[in-house]
Amino acid sequence: MSKQDHLHLHGHCECGAFSFETHRTPIARFVCHCLFCQDFTGEAFSDVSVLRGHHVEIKGTANLIHKKYRLPPNLNRSLCTKCGKPAVETMGAWPLKLIFVPSKNFTEQELLPPPRLHAFYNRRVADIADDLPKYAHYWPSQFAITKAIMGF
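Definitions and cut-offs
Residues numbered from 1 in each chain as written. Predicted model: local features only at pLDDT ≥ 70, side-chain atom pairs only at ≥ 80, totals over all residues. Heavy atoms only, no water. Salt bridge = Lys/Arg side-chain N within 4 Å of Asp/Glu carboxyl O. Helix = DSSP H or I, 4+ residues; strand = E, 2+ residues; numbered from the N terminus. Buried < 20%, exposed > 50% of the residue type's maximum accessible area, 1.4 Å probe, protein only. Pairing = 2+ DSSP bridges.

Caption draft 1: Spatial organisation of the pattern of salt bridges. One pass over the full model with this rule turns up 8 salt bridges. Across the salt bridge formed by D47 and R29, the nearest N and O atoms sit 2.6 Å from each other. Here D47 is found in strand β4 (residues 46-52), whereas its partner R29 is found in strand β3 (residues 28-32), with 18 residues between them in sequence. Put simply, R124 and D127 hold a salt bridge, and the shortest N to O gap is 2.5 Å. Overall, the relative accessible area of 60% leaves D127 in the exposed class. Connected via shared salt-bridge partners are E21, E57 and K59.

Caption draft 2: Structural view of the pairing of strand β9 (residues 98-102). Extensive coverage of β9 is indicated by the burial of 5 of its 5 residues. On β9, burial covers both faces: L98, F100 and P102 on one face and I99 and V101 on the other are all buried. Here β4 pairs with β9 via 5 bridges, running antiparallel. Within β9, the position partnered with R52 by the bridge is L98. Examined bridge by bridge, strand β8 (residues 86-91) and β9 share 3 bridges and lie antiparallel to one another. Bridging from a neighbouring strand, T90 pairs with I99 of β9. What sits between β8 and β9 in their antiparallel hairpin is a turn of 6 residues, with G92 showing a positive phi close to 85°.

Caption draft 3: Geometry of unusual backbone geometry. In this model, W94 is joined to P95 through a cis peptide bond whose omega is 5°. Residue position: P95 is located in the loop between β8 and β9. Positive phi, close to 55°, is recorded for F120, a residue that is not glycine. Structurally, the position occupied by F120 is in the loop between β10 (118-119) and α3 (138-150). With phi around 70°, H137 is a residue other than glycine that occupies positive phi space. You can see H137 is positioned in the loop between β10 and α3.

Printed below as a string of structure tokens:
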């Protein structure tokens, strides 16, 4: 058995009214500085971990309210109705559904992969001093995120 077979990640929104679990490592993790993420999280950027939809069990969806910023194929962003904090974002449909989870919502932070890139860096509130690639503007950011999700 691989280490992956024993992995068990949990998470929840700030108050716990929404929760999730998975037995898989996120397929990608990145930091997004876009204006939508800034508005959605209320923070300067969003550190996001991406999972395949069929690998995630979600509980408490009745406690979510959805916010859409653009027409498809953009993300459906969900906030907890109890604490008002970001819970989860979804994109696509089975079998291609992706779940974007704010990385801070994971209980087992030490089991998450490190972030691979910064997207929409041209929208940053402050410079970030790290060695990760920094992509500016829409298309370069989208391509970088897509490559990270696809494992390239």
